[in-house]
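Observations on the model geometry
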Amino acid sequence: MPSTKRKKRKPTSTLLSRRQSSIAIPSDKPLPSKLSRRLIRSHHTTQKRIHQALQQNDTATATALTSTLASTGGLAAYQRASVSGQSSKRGGDSSKVLVDWFLELNLNINVSHNPQSDGSTTANNNTNTNDEHARPRPRLLEIGCLSPSNAIHAFFPRTRRTLMDLNSLHPEILKQDFMTFPVPAGPPALPPTGITSTSNTAAAGEVCEEACEEGYDIISCSLVLNYVPTPAGRGDMLKRIARFAAHNLHRRTLHQQPVDNSNGTSSGNTTNGNGSDSGGNAVFPALFLVLPAPCVTNSRYLTEDHLQRIMASLGYELLRRKLSPKLAYYLWRYVGNGTGGTFKKVELRPGGKRNNFAIVVE
Ligand SMILES: C[S@@+](CC[C@H](N)C(=O)[O-])C[C@H]1O[C@@H](n2cnc3c(N)ncnc32)[C@H](O)[C@@H]1O
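All values reported here derive from a predicted model rather than from experimental measurement.

1. Notes on the environment of Gly280
- Relative to the helices and strands, Gly280 resides in the loop between strand 6 (265-266) and strand 7 (286-292).
- On the basis of neighbour counts, which here come to 26 C-beta atoms within 10 Å, the residue Gly280 falls in the buried class.
- Separated by 175 residues in sequence, Gly280 and Leu105 place their C-alpha atoms 9.3 Å apart.
- If sequence neighbours within four positions are ignored, Gly280 has contacts with Leu107, Pro138 and Asp217.

2. Section: the site of the ligand
- Taken together, 21 residues surround the ligand, and among them Ser82, Gly144, Leu166, Phe178 and Ser222 come closest.
- Residue assignment for the shell around the ligand shows that the elements contributing at least two residues are helix 4 (74-86) and strand 2 (161-165).
- Its residues assigned to classes, the shell around the ligand shows twelve nonpolar, seven polar and two charged.

3. Notes on the domain arrangement of the protein
- Domain boundaries in the protein define domain 1 (12-90) and domain 2 (95-334).
- Take the side of domain 1 that touches domain 2: its biggest share by element is six residues, from helix 4.
- Across the side of domain 1 that touches domain 2, the residue classes break down as three nonpolar, five polar and one charged.

4. A look at the confidence of the model for the protein
- Averaged over every residue, the pLDDT of the protein is 78; residues scoring 70 or more account for 70%.
- Low pLDDT (under 50) marks residues 1-26, which in the prediction has 18 contacts with non-local residues, meaning those over four places away or in another chain.
- Low pLDDT (under 50) marks residues 196-208, which in the prediction has 18 contacts with non-local residues, meaning those over four places away or in another chain.
- Note on the complex model: pTM 0.79, ipTM 0.99.

5. Remarks on the packing of helix 2 (residues 33-55) against helix 3 (residues 59-71)
- Viewed as axis vectors pointing N to C, helix 2 and helix 3 meet at an angle of 160°, and their least axial separation amounts to 8 Å. By the angle between their axes, helix 2 is roughly antiparallel relative to helix 3. With respect to the hand of their crossing, helix 2 and helix 3 are arranged in left-handed fashion. Of helix 3, the residues touching helix 2 (which contributes Thr46, Arg49, Ile50, Ala53 and Leu54) are Thr61, Ala62, Leu65, Thr66, Thr68 and Leu69.
- Class assignment for the residues of the contact of helix 2 with helix 3 results in six nonpolar, four polar and one charged.

6. Considering unusual backbone geometry
- Following Phe284, the chain continues to Pro285 via a peptide bond in cis, the omega torsion being -5°.
- Despite not being glycine, Asn106 has its phi angle at roughly 60°, a positive value.
- Locating Asn106 in the fold gives a position in the loop between helix 5 (95-104) and strand 1 (140-143).

7. Quick notes on helix 3
- The end-to-end C-alpha distance of helix 3 is 18 Å, a good match for the 18 Å that 13 residues give at a rise of 1.5 Å each.
- With its phi angle positive at about 105°, Gly73 sits one or two positions after the end of helix 3.

8. Concerning the sheet that holds strand 7
- Spatially, 3-2-1-4-7-9-8 is the arrangement adopted by the seven strands of the open sheet, whose pairing is mixed. The sheet terminates laterally at strand 3 (174-175) and strand 8 (316-323), the two strands that pair on one side only.
- Here seven bridges tie strand 7 to strand 9 (residues 327-334), and the two strands are oriented antiparallel to one another. Bridge assignment links Leu289 to a residue of strand 9, and that residue is Tyr330.

9. Overview of the pairing of strand 9
- With six of eight residues buried, strand 9 is to be regarded as a mostly interior element.
- As judged from the seven bridges shared by strand 8 and strand 9, these two strands associate in the antiparallel manner. By the bridge assignment for strand 9, Arg320 is matched with Leu331.
- Remark: three residues form the turn of the hairpin made by strand 8 and strand 9, two consecutive strands paired antiparallel.

Cut-offs and rules
Here, residues in each chain are numbered from 1, in the same order as that chain's written sequence. Predicted model: local features are reported for residues with pLDDT of at least 70 only, side-chain atom pairs are reported and counted for 80 or more only, and whole-chain, interface and lining totals are derived from all residues. Here a strand is any run of E in DSSP of at least two residues, a helix any run of H or I of at least four, and the numbering for each starts at the N terminus. Here the C-beta atoms are placed from the backbone, and a residue counts as buried if at least 20 other C-beta atoms lie within 10 Å of its own, exposed if 12 or fewer do, and partly exposed otherwise. Remark: residues whose backbone-derived C-beta atoms lie within 7 Å of one another are considered to be in contact. Using the backbone to place each C-beta atom, any residue with that atom within 6 Å of a molecule or strand is considered near it. Under this grouping Gly is polar, as are all residues other than the nonpolar Ala, Val, Leu, Ile, Met, Phe, Trp, Tyr, Cys and Pro and the charged Asp, Glu, Lys and Arg. Boundaries of every domain are those given by an automatic assignment or by a domain database. Along the chain, pLDDT gives the predictor's confidence residue by residue, from 0 to 100. Axis geometry follows a simple rule: fit a line to the C-alpha atoms, using only the stretch in contact for helices, then measure angles between N-to-C directions, giving values from 0 to 180 degrees. By the definition adopted for this analysis, an angle is roughly parallel if under 35 degrees, roughly antiparallel if over 145, roughly perpendicular if from 65 to 115, and oblique otherwise. For any pair of crossing helices, the crossing counts as left-handed if the nearer helix is rotated counterclockwise from the farther one by less than a right angle, and right-handed if it is rotated clockwise. Every helix has an expected span of 1.5 Å times one less than the residues it contains. DSSP bridges decide pairing: two strands pair if at least two such bridges lie between them.

See the structure below:
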């Protein structure tokens, strides 16, 4: 008779400690996918529990959970698991979708052959010599960056990209919390955005590189929003991203590249003879947002329609969308004039086997 004994599932903590040495030691080898998935899930859950404990002033539990997290490799182990997910064998570089969309949208951005390039040998690095009205090559701000060698980096030489993460895995990646990264200062008198926020401009005396004034044409936020442990924290991150976009839109307007919001295309001199969009006004300022698919397909509190309402309130319109079994990809264009307003945690999709992912805008 076949045994009816069910195989006991090992607790994640046991699995992690058994693997701990392989996580702590830097290695080029990706972690097994099952372990990566469990590690990522357990990291998110523990972080959420730490936050809940802190909210209840239960510092003992928060401290215990924090040390459990640290003993199992902490953020570094989580990042290693995420890098493993990004490996080409697992088809995991989400930025490939953005590259496809850039090509589809006929953006006139030359690709540098070497994503590590500083741009000095790239034709059409900072100016498009065929178009006297062309703006400098667009600038990327990537929040939550694990590597400077993903597909999208070929579009942005080093001088045109700012990559950041809470924990930097590469000298080019700033160790920086986006929530304290200064919103570019100037040009003066930003138009009203419908977004209320506190202390978002660069403080006097803060180091202000070129980007500080020029701002960013596209912000990439791939699998970062779901890392933020609270619904209100996610809303705050989206609001902050919108302030960066508002700065860029205002700057574009000042640089006399009129944006025609009525039909989703740029007007004036932004298209050249071959129909490509040299200034990128039909696309930029933009946000590339990637979420695990269940956050929008199986959450009690978030649907794609609801996400779209939140984004519209912040001044965004949807340009592109792709849903794969694992991930939801979006390209949003910031057009301003957000309706503002608040979004609470409201049950939209009842059901037993749903998750609780939510975004709250206060
Ligand atoms: C799952 S990884 C995503 C990596 C990559 N973008 C991708 O698509 O695979 C999430 C990363 O976001 C980073 N992160 C989370 N919140 C952040 C913040 N406020 N500022 C900067 N980085 C943040 C984490 O440190 C982590 O490395």
